[in-house]
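# Coordinate inspection notes
What follows is each chain in one-letter form.
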Amino acid sequence: MHIERNNALVLAHYYAPPAVQAAADFVGDSFALAQQAVRSDKPVIVFCGVTFMGESVKILCPEKEVLLPVPDARCALAEMAAEQEILHIRETVEDLAVVVYVNSSARIKALADVVVTSANAVKVVSRLKEKNICFIPDKNLGAFVAAQLPEKNFILGHGYCPVHEGTTVSEVEASFAAHPGALLLAHAECPAAVRERAAFVGSTAGMIAFAEKSAAREFLVATEEGTLYELSRRCPGKAFFTTRADFVCADMKKVTKAALDAVFAGGGTRVEVEERTAEGARRALVRMLELAQ
Ligand code: 13P
Ligand code: SF4
């Protein structure tokens, strides 16, 4: 299928390679990208990120053609939630809301009462009336949200992002030693011991906004290194260092500039979600958009 560039909105996540971010119409975190897709009047969306993100956009915008530059950029965390786990908790716990992190499959989202991203999880969960919250799959984001909402009971999933979970306190301490006076920005998917040392914990967009406003000049960044492209672009004169040399999500890096260009030469993979699954997932995604306002 031939796609005219003018008919397409190219969205890229902050973890995409810099050349892809530079070529995109809009770069953002998973929440901002979903919002941008919903607002767009373009009939085609080319999504430069991992599969679940393109899938969420297709679910929210079923009338649009959503294309992924590569078919196999997967998120390991998104595959760590089990349907059985949710069904069991639903049967056994009363006064319960099932909150599913956006890094999950459409089938898991379809079982949720609401979806959240790291940018809006605290706000969305705080607005739920239920006392008991089943939060899956990310245990680190879940624990971060739970710590801020002590009035709720949390049942946390066991999933984790292998890229963020591997961040260690000793790496962070070594980074502080190399850059005394720097502030630590941590993605909420990092382990508790790392989050506890951070000046800011949240989504990638939240980390960028914090750095932009902060008077500090040096920052340690505990998230995927692609984020440094936007941090440096938005904060000239400030210095950013990842807390480890290879802070890389290999799947995000599969989405190369060559793969993006190939979409406009007839390539790309069309995102399709079976309508019954999409219907359930859409309800939970739309509820997120409403509660996050
Ligand atoms: P954001 O919601 O900050 O975009 O994070 C998505 C993600 O995959 C983090 O690893
Ligand atoms: Fe998934 Fe982790 Fe990659 Fe984010 S960094 S897309 S959570 S594997």
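Let us look at the structure shown here.

Calculation rules
- Throughout this description, residue numbers start from 1 for each chain and increase along the sequence as written.
- Each chain gets a letter, beginning with A, and each ligand a number, beginning with 1, in the order they are written.
- With pLDDT at 70 or above as the cut-off, local features in this predicted model cover only qualifying residues; side-chain atom pairs require 80 or more to be listed or tallied, and sums for whole chains, interfaces and linings still use all residues.
- Computation of side-chain values covers all heavy atoms of the structure but excludes hydrogens and water.
- Helix and strand definitions here come from DSSP, where helices need a minimum of 4 consecutive H or I residues and strands a minimum of 2 consecutive E residues; each element is numbered from the N-terminal end.
- Here the term buried applies to any residue with accessible area under 20% of the maximum for its type, exposed to any over 50%, and partly exposed to those in between, with areas from a 1.4 Å probe on protein chains only.
- Any two residues whose heavy atoms approach within 4.5 Å at even a single point are treated as in contact.
- Pairing between two strands is assigned when DSSP locates at least 2 bridges connecting them.
- Each axis is a line fitted through C-alpha atoms, and for a helix only the stretch in contact is used; angles between axes span 0 to 180 degrees, taken between their N-to-C directions.
- Here a residue counts as near a molecule or strand whenever at least one of its heavy atoms sits within 4 Å of it.
- Each residue receives one of three labels: charged for Asp, Glu, Lys and Arg, nonpolar for Ala, Val, Leu, Ile, Met, Phe, Trp, Tyr, Cys and Pro, and polar for the others, Gly being one of them.
- By nonpolar core is meant a set of buried Ala, Val, Leu, Ile, Met, Phe, Trp, Tyr and Cys residues that side-chain atoms within 4.5 Å join together.
- Buriedness for pockets is judged along seven lines, at least five of which must meet protein on both sides within 12 Å for an open set on the 1 Å grid over protein atoms alone, while cavities are sets there where a 1.4 Å probe fits but cannot get out, and lining residues have an atom within 4 Å of a point.
- Grid points are joined across faces, edges and corners, and a volume is the space filled by probe spheres set on the points.

This part is about the side chain of Thr204. Within the secondary structure, Thr204 sits in helix H11 (residues 204-213). Its relative accessible area of 2% is what places Thr204 among the buried residues. The residues contacting Thr204, other than those within four sequence positions of it, are His13, Tyr14, Tyr15, Asp29, His187, Thr223 and Thr227.

Moving on: the sheet that holds strand S7 (residues 132-136). Strand pairing in a sheet is mediated by backbone hydrogen bonds. Such pairs are either parallel or antiparallel. Here we have four strands laid out as an open sheet, ordered S6-S5-S7-S8, and parallel in their pairing. The sheet terminates laterally at strand S6 (114-116) and strand S8 (153-156), the two strands that pair on one side only. Ignoring strand direction, the axes of neighbouring strands in this sheet form an average angle of 30 degrees. Both strand S5 (residues 96-101) and S7 contribute to a ladder of five bridges, which runs parallel. Residue Val98 lies in a different strand from S7, and its bridge partner there is Cys134.

Bringing the site of ligand 2 into the picture now. Every residue near ligand 2 is listed here: Tyr15, Val50, Cys75, Ala76, Leu77, Asn103, Cys161, His164, Glu189 and Cys249. Class assignment for the residues of the shell around ligand 2 results in seven nonpolar, two polar and one charged.

The subject of this paragraph is the nonpolar core. Phe135 and Val145 are the most contacted members of the largest nonpolar core, which totals 107 residues. At seven residues, helix H14 (residues 275-291) tops the list of elements feeding residues into this core. With sequence-adjacent residues up to four places away left out, Val145 is seen in contact with Ala121, Val122, Val125, Phe135 and Phe154.

Below, the discussion takes up the layout of surface pockets. Here the largest pocket defines a volume of roughly 300 Å³. Around the largest pocket sit 26 residues that line it, and Tyr15, Cys75, Asn103, Cys161 and Glu189 are the ones nearest its centre. Every element with two or more residues in the lining of the largest pocket is listed here: helix H3 (51-60) and helix H8 (162-165). The biggest single contributor to the lining of the largest pocket is H8, with three residues.

Further remarks concern the pairing of S5. The side chains of a regular strand alternate, first on one face of the sheet and then on the other. A large share of S5 lies buried, amounting to six of its six residues. Burial along S5 is two-sided: Leu96, Val98 and Val100 and Ala97, Val99 and Tyr101, pointing in opposite directions, are all buried. Sheet analysis places S5 next to S6, joined by three bridges and oriented parallel. Note on S6: the bridge partner recorded for Val99 is Val114.

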